[in-house]
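A structural walkthrough
Listed below, chain by chain, are the residues.
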Amino acid sequence: MTAPLLKVDHLTVGFPSKAGVVGAVTDVSFEIHPGEVLAVVGESGSGKSVTALAVMRLHSKSTHISGSVMFNDTDLLALPEDQMRAIRGRDIAMIFQDPMTALNPVFTVGMQIVEAILLHHHDMTKQKAWERAVELLDMVGVPEPRRRAAQYPHEFSGGMRQRAMIAMAISNDPKLLIADEPTTALDVTVQAQVMEVLHEVKRATGSAIMLITHDLGLVAGSADRVQVMYASRLFETGSIDEIFYESRNPYTRALLDSIPDLEGTKDELHPIPGNPPSLLRPPAGCPFRPRCSMAIELCREQTPALIQIANSHASRCHRADELAVLAAGAPA
Amino acid sequence: MFAYITRRVLATVPLLVVALYLVHVMVSATTDPLADFRLCLPRCQDGFDQIVENYNLDVNLWLRPFTWFESALGGDLGRSESLGLPVTTILWDRGINTAMIAVPAFLVGSIVALLLSIYSARRPYTKGDYALTGLSFIGFAFPSFVMALVLQNLLAVQFENWFGVKPFNTGRKTGENFLELARDVFLPALTLIIVGVAADSRFGRASMIETLNQDYIRTARAKGVPEKTVVWKHALRNALIPLVTLWALNFSALLSGAVVTESIYSWPGLGPAFLTSIGEADVDLVLGIVIFSAVLTVAFNLVADVLYGILDPRIRFD
Amino acid sequence: MADTLMPGSQAAINADEMEGLSDKPKSFGRLAFDRFVRHRLALVGVFGLILIAAAFIVGPWISGYPFDETNVRDRMLGPSASHWFGTDEIGRDLFTRTARGGRYSLVIGLVAATLATVFGTLMGAIAGYYGKAVDAVIAQFINLILVVPFLLTLALFSLRFGSTWWRLALVLAALLWTRIARIVRGIVLSLKEQEFVMAARAAGASHMRIVLRHILPNVIGAVVVEVTLLVGTVIVLESTLSFLGLGVKAPDTSLGLLVSDAKSKIDDDPIRVLTPGIMIVFIVLCVNFVGDGLRDALDPKSKLEKN
């Protein structure tokens, strides 16, 4: 196996608030290998976006952060700000959820891509950078790229803006692309197109992708590995098959159960009852326990550890072993 | 754009006409320039008749404004009875005096307010921000007459020789020497600056904080844009958009004369002239100043709209 | 298997299991109240206002001088135990006069701001709700008020009708309702298109009922903040008018008038200018603190900003 591109160890992120520290990410460790697509799945507030922002070091100054984020053997969390800035946009680039607000409304789309290029290519002329921006827009499927580059974001549709965001993100051939809910704000038909562009980009550039989403359905066709987060913790991690067909975690199963099925083979939807716990005052024991259909007394007393099940498969559940038996007969 | 400006100007004309008509009627109805003469009749019949003629008092109250409109259309804004000069002359001379304190007050005030806003917005809810916000709260609570009197007393007593201000010995004394003029301008301008900065910096801070919290700022940081460029290029350009309107309002208000501040420092600007015109029922001068300030307001609002369109590509003039 | 799992999961969500879940949703009013109480400046403001109002109401009763009683022997006294703020040039007790002026400031501020808010909200709601011609007429009316300098209108009014405190409050309200009207109009315009209003209309609710039941409650947050800030504006304007001799007039008194009376003696006795001046600043400061607290409490966005 190749050396990991990104190795996150014991990452813990907390936001100070008047009522105490909100634990947004608790002891999360994972790896991303070159060219791999890792999907990070969870409900909103599970800590998946905060993890990504911590990798980019884009959290606010007051945030408590510990652990390590090794990128190509460099600890990003220990890096001086100016060196970190050189990595942002060049080695690690990010695509955000809402393309309507993620582009600066007062600069043309082309200029914003040009800025991204010139920041990391100091010797390139502005003209060349502009040509490159037009090429990039063409590559992500923006029609009439030359004309569109001179337009402002408000003249773009949502899907086109997200393509422009992708063009901007890949402008420096990053080794890692973090896509934070890239399709959530888009229409269903456009979602598929944008995912197609992401795949195209991956094929063309070979960059690894960290795909953050709450939509397990989106993950199925695009990811190599999946990691499920709940209430700031990693709950299950595994290959796509392990998660979808051999899940050892009640939360993952509940998530799978709640996916609407387009073929209509499922009779009813099973939304997960209740709400995620407060991150300010998390309950004792397993954070999923109040909503879990399999909770036992132990779950109330003790937070389960992440248990290694197979080489790439781990689950945080006291009853992970029992679930192996159930897995065979579980409704997929 | 030209069509837009023409349309805007034309749209304000009827409003201005109605306003001037009402002001004329209101001033005529509330004041009696003949009050002093009624007592001495018939001895002072000549003076009485003179006043009647000057003020068109033989014309019906509701028709009187039309005489004024007629001459105003010919460019003649009438004559100020209280100051004994043509209104246009007064507007010109006094306007220049007012501008002498309004322009530096506006420029310095706006820049200082903007810098403080940016300083605060970059570190919200820290000690520095709290200190500035606290100061602006206090400054904002000062009516300008209290601020002017406090500054006058403080600086006139502490630095009496430097400023040469004693109460009732302020104002524009010479126009020859730049240093002397700067000294005379200093206190009234400072008063306007402090009051203005206190009000503007709170607004500017809110605008800048809101902008810095936008998604596109995070995008810029994710691209690797240095923090300085994030603030001064990406954020400022957006935060300026709401500020431009505020500046236009401020500047036109300052140029129309700061009534209280100019009066306290005996600065011979439009403000004291306005007070005099009201006290003396000087209809022509009142109308002249109303027109002056209205035209300024409309003009600067237009400038603001045009700047708005330049700063924000989403705005279109049609 | 779903048969065994699902009922179990539902049963798990009973009351005693809820502990540790997200904070139970509180009502908006309760949340706003909590945020307001946690806002230290707002509490300082409320406390300061209560304190100063009490001093202005109870103080003269303790000091025992009528505000207009002259005493030729006690002229131009400095602050002392018998005359807390000293006396003026005809021997009137300055504390009693300051208290009277302060009461006027507070009362005029409250009355004018309340009247302006009620009228402004009504006009704004009508303009936003009916739109078209009604909206245009109200907009032009507002422009007309704004194009004439406030000072002129106030001065002419005060010259024509005299200037007792309630007349002053009335004319201030008549000039200051425009901002609230614009804000309310904006909110109503956006609310009007929203589904719950559409639904009410489809259900056959009358215009009056829609405005009162569905739109006004949504407007109240913004209005409450505005009315507080307006109190500060009114107090500043009133004191300025009185200072210029266009507001409350002698023999009655107000804070602005007291400053004006003392300003010719500022060289010898700056304290006499400062006391009423600082009173104005203090009152307006407290009012604005309360306004700021209310804004933070009523604006759901402000909480996010702090995290």
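What you are looking at is a predicted structure, and each value in this text was computed from that prediction instead of being measured.

Turning our eyes to something else, we now look at the overall build of chain A. Tallying secondary structure elements over chain A gives 13 helices and 12 strands in all. Here the C-alpha radius of gyration of chain A, 21 Å, is about what a compact globule of 332 residues would show, namely 20 Å. When its C-alpha atoms are laid out on the principal axes, chain A stretches across 65 × 50 × 45 Å. Counting only residues that meet the buried cut, chain A has 52% of its 332 residues in that class. Considering only contacts in chain A between residues 6 or more positions apart, those separated by 24 or more positions represent 64%. Per element, the accessible surface of chain A, about 14,100 Å² overall, is 53% carbon and sulfur. Side-chain charges of chain A comprise 30 positive and 39 negative groups, with the mean position of each set lying 6 Å from the other.

All right, on to the confidence of the model for chain C then. Residues and elements named next belong to chain C. Scored by pLDDT, chain C has a mean of 79; 88% of the residues are at 70 or more. Across residues 1-24, where pLDDT falls below 50, the model places 33 contacts with residues more than four positions away in sequence or in other chains. The low-confidence segment residues 302-307, where pLDDT is below 50, has 10 contacts with residues more than four positions distant or belonging to other chains. Among the prediction metrics, the complex's ipTM stands at 0.88, with pTM recorded as 0.85.

Glancing now at unusual backbone geometry. All names here are of chain A. Even without a glycine there, the phi angle at Asn-72 is positive, about 50°. With respect to the helices and strands, the residue Asn-72 is situated in the loop between strand 4 (64-71) and strand 5 (74-75). For Glu-144, which is not a glycine, the phi torsion comes out positive at approximately 50°. Judged by its relative accessible area of 48%, Glu-144 is partly exposed.

Moving on to the interface of chain C and chain B. Opposite the 40 residues of chain C that make contact, chain B presents 40 residues. In this assembly, chain C packs against chain B so that about 3,400 Å² is buried in total across both faces, 82% of it on carbon and sulfur atoms. Inspection of the chain C/chain B interface yields zero salt bridges. On inspection of chain C and its partner chain B, the count reaches zero residue pairs in polar contact (both at pLDDT 80 or more). Mapped by element, the contributors of at least two residues to the side of chain C that touches chain B are helix 5 (132-147), helix 6 (150-161), helix 10 (207-243), helix 11 (255-262), helix 12 (270-298) and helix 13 (300-306) of chain C. In terms of residue count, helix 12 of chain C provides more of the side of chain C that touches chain B than any other element does, 12 residues in total. Its residues placed into classes, the side of chain C that touches chain B shows 24 nonpolar, nine polar and seven charged.

Calculation notes
- Here the residue index of a chain counts from 1 through its sequence in written order.
- Chains carry letters and ligands carry numbers; both start at the beginning, A for chains and 1 for ligands, and go up in the order they are written.
- Totals for whole chains, interfaces and linings use all residues, but because this is a predicted model, local features are given only for residues with pLDDT of at least 70 and pairs of side-chain atoms are given and counted only at 80 or more.
- Excluded from the side-chain calculations are hydrogens and water; all other atoms, namely the structure's heavy atoms, are used.
- Here a helix means four or more residues in a row that DSSP labels H or I, a strand means two or more in a row labelled E, and each is numbered from the N terminus.
- For the radius of gyration, the atom set is restricted to C-alpha positions; the globular benchmark scales as 2.2 Å times the number of residues to the power 0.38.
- Here's how the labels work: a residue is buried when its accessible area is under 20% of the maximum for its type, exposed when over 50%, partly exposed in between, all with a 1.4 Å probe on protein chains only.
- The contact criterion used throughout is that any non-hydrogen atoms of two residues lie within 4.5 Å.
- Method for areas: the Shrake-Rupley scheme with a 1.4 Å probe, in which residue coverage is limited to the protein chains shown.
- This count recognises Lys and Arg as positive and Asp and Glu as negative, with His and chain-terminal groups excluded.
- Here the site of a charge means NZ on Lys, CZ on Arg, CG on Asp, or CD on Glu.
- Within a predicted model, pLDDT stands for the predictor's per-residue confidence, ranging from 0 to 100.
- In this description, buried area is defined as the sum, over both parts, of the accessible area (probe of 1.4 Å) that is lost when the two are combined.
- Salt bridge criterion: a side-chain nitrogen from Lys or Arg within 4 Å of a carboxyl oxygen from Asp or Glu.
- Nitrogen and oxygen atoms within 3.5 Å of one another constitute a polar contact, given that in protein one can donate a hydrogen and the other can accept it, and given that sequence-neighbouring residues count only through two side-chain atoms.
- Three categories are distinguished: nonpolar for Ala, Val, Leu, Ile, Met, Phe, Trp, Tyr, Cys and Pro, charged for Asp, Glu, Lys and Arg, and polar for the others, with Gly belonging to the last.

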